[in-house]
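Read off the chains here:
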Amino acid sequence: QEVGSILGYCNIIGFSLGLVLGGVLTRWKNWSAKTLQLIYSIISTVGIPFVLAVLFYCPVNTYAGVDVHYYPDLATHSNSMVSMTASCNSNCSCTTAFYQPLCDGDTTYFSPCHAGCMDVNRVHVNSKLIPYEYSNCTCTRSGTAYHGSCGSSCEKRLWYSMALTVIGTAIGFSGFAAHAIVYQRIVSEVDRTAAQGLRQSVTRILGTLPAPLIFGYLLDSTCLVWRRTASGEQGNCWLYDLDRFIMWYLVLQMFFKICTAVFCWLCWWYYPEGRSPGDPD
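Treat the numbers as computed from the prediction; the structure is a model and nothing was measured.

### Looking at the overall build of the protein chain
Link 1 in the chain: Counting its regular elements, the protein chain contains seven helices and eight strands.
Link 2 in the chain: Looking at the 281 residues of the protein chain, the share that counts as buried comes to 32%.
Link 3 in the chain: Of the roughly 17500 Å² of accessible surface on the protein chain, 63% is carried by carbon and sulfur atoms.

What follows is the structure, given as structure tokens:
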């Protein structure tokens, strides 16, 4: 939730700055349609490198049964060999229906059951008893584990990512006004309604509809641990292969943005200088 809020704030700030900047830019001078298309092409190209902001992500935790074997064999293994059940917790009948991470050293365990913990010490927080320390854990190195996942703070990376996201979003939306004006100027007045309808239809068919399917498939293909009840019913994903997800997300984003820039430059190149709507081809 915190990450979603931070990302939302960054996008809102960048979106607002971009629209203001784009409005000022288009009102600064009475640009021709070809010049406005040139401005939009430049903006589309400049915004491509800011996709790299996703590389400033926090290192993922090491999960027992996902990234490494359970104690005593903590050797790292491939994600294709994921096994949440081992000899130390085989009699516990653990499921992945609930995610309750525990930390021992630098290794995170999916739940007290998967860590093989038999006892728990609770502390009072706001008049409530909250699990704090688990003991008699057969799958951990120390025999104990603490509530919460392991991991170090990566505040600097967060600030870098936020700054690049705001700047990239601002640059991207600064061309929105020029883009909208171009669509109004390149067709005659009687055809503008049909042109806008065609534009919206193509945008929905090629962008809005397939995008959730593409990125949804990407998310599902990088899932490491699914939520499964005791009856075997599958739910949402708990843990993702973040490195692989970021790699493919970056590839897709770069591909779509480069394609956008290329087509923008082609539109600018092939649009005749000084042409007015309604002129014969």
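That shown, we press on.
### Some details on the packing of aromatic side chains
Link 1 in the chain: Under the criterion given, the structure shown has twelve aromatic pairs.
Link 2 in the chain: Lying over the aromatic face of Phe 98, Arg 227 brings its terminal NZ or CZ to 5.7 Å of the ring centre.

### What about helix 2 (residues 33-46)?
Each α-helix turn comprises 3.6 residues. Residues three or four places apart therefore point the same way.
Link 1 in the chain: Look at helix 2: 20 Å from first C-alpha to last across 14 residues, which is about the 20 Å you get at 1.5 Å a residue.
Link 2 in the chain: Restricting attention to buried positions, one finds in helix 2 the residues Ala 33, Lys 34, Leu 36, Gln 37, Ile 39, Tyr 40, Ser 41, Ile 43 and Ser 44.

### Comments concerning the pairing of strand 8 (residues 234-240)
Link 1 in the chain: When strand 7 (residues 223-228) meets strand 8, the two strands line up antiparallel, connected through four bridges. In the sheet register, Val 225 faces strand 8, and the bridge partner there is Leu 239.
Link 2 in the chain: Here strand 7 hands over to strand 8 after five residues, with Gly 232 in that stretch at a positive phi of 90 degrees.

### Digging into the side chain of Gln 196
Link 1 in the chain: Residue placement: Gln 196 occurs in helix 5 (residues 192-208).
Link 2 in the chain: Exposure remark for Gln 196: the relative accessible area of 19% places this residue in the buried category.
Link 3 in the chain: If we skip the residues at most four places from it in the chain, Gln 196 touches Tyr 183 and Gln 184.

### Side note on helix 3 (residues 155-174)
Link 1 in the chain: With 20 residues, helix 3 extends 29 Å from end C-alpha to end C-alpha; this agrees with the ideal 28 Å at 1.5 Å per step.
Link 2 in the chain: Listed as buried for helix 3 are Ser 161, Thr 165, Val 166, Gly 168, Thr 169, Ala 170, Ile 171 and Ser 174.

### Here we look at the pattern of salt bridges
Link 1 in the chain: Taken as a whole and judged by the stated rule, the model has one salt bridge.
Link 2 in the chain: With a closest N to O distance of 3.6 Å, Arg 244 and Asp 241 form a salt bridge.

### Some remarks on unusual backbone geometry
Link 1 in the chain: Backbone geometry at Ser 93 places phi at a positive 55 degrees, although glycine is not the residue there.
Link 2 in the chain: Structurally, the position occupied by Ser 93 is in the loop between strand 1 (62-63) and strand 2 (102-104).
Link 3 in the chain: The class of Ser 93 is exposed, set by a relative accessible area of 63%.
Link 4 in the chain: The phi torsion at Asn 136 lies on the positive side, around 55 degrees, for a residue other than glycine.

Rules of the game
- Residues numbered from 1 in each chain as written.
- Predicted model: local features only at pLDDT ≥ 70, side-chain atom pairs only at ≥ 80, totals over all residues.
- Heavy atoms only, no water.
- Helix = DSSP H or I, 4+ residues; strand = E, 2+ residues; numbered from the N terminus.
- Buried < 20%, exposed > 50% of the residue type's maximum accessible area, 1.4 Å probe, protein only.
- Areas by Shrake-Rupley, 256 points an atom, 1.4 Å probe, with all protein chains shown as cover.
- Phe/Tyr/Trp six-rings, centres within 6.5 Å; stacked < 30°, edge-to-face > 60°.
- Lys NZ or Arg CZ within 6 Å of the ring centre and 35° of its normal.
- Expected span 1.5 Å × (residues − 1).
- Pairing = 2+ DSSP bridges.
- Contact = heavy atoms within 4.5 Å.
- Salt bridge = Lys/Arg side-chain N within 4 Å of Asp/Glu carboxyl O.

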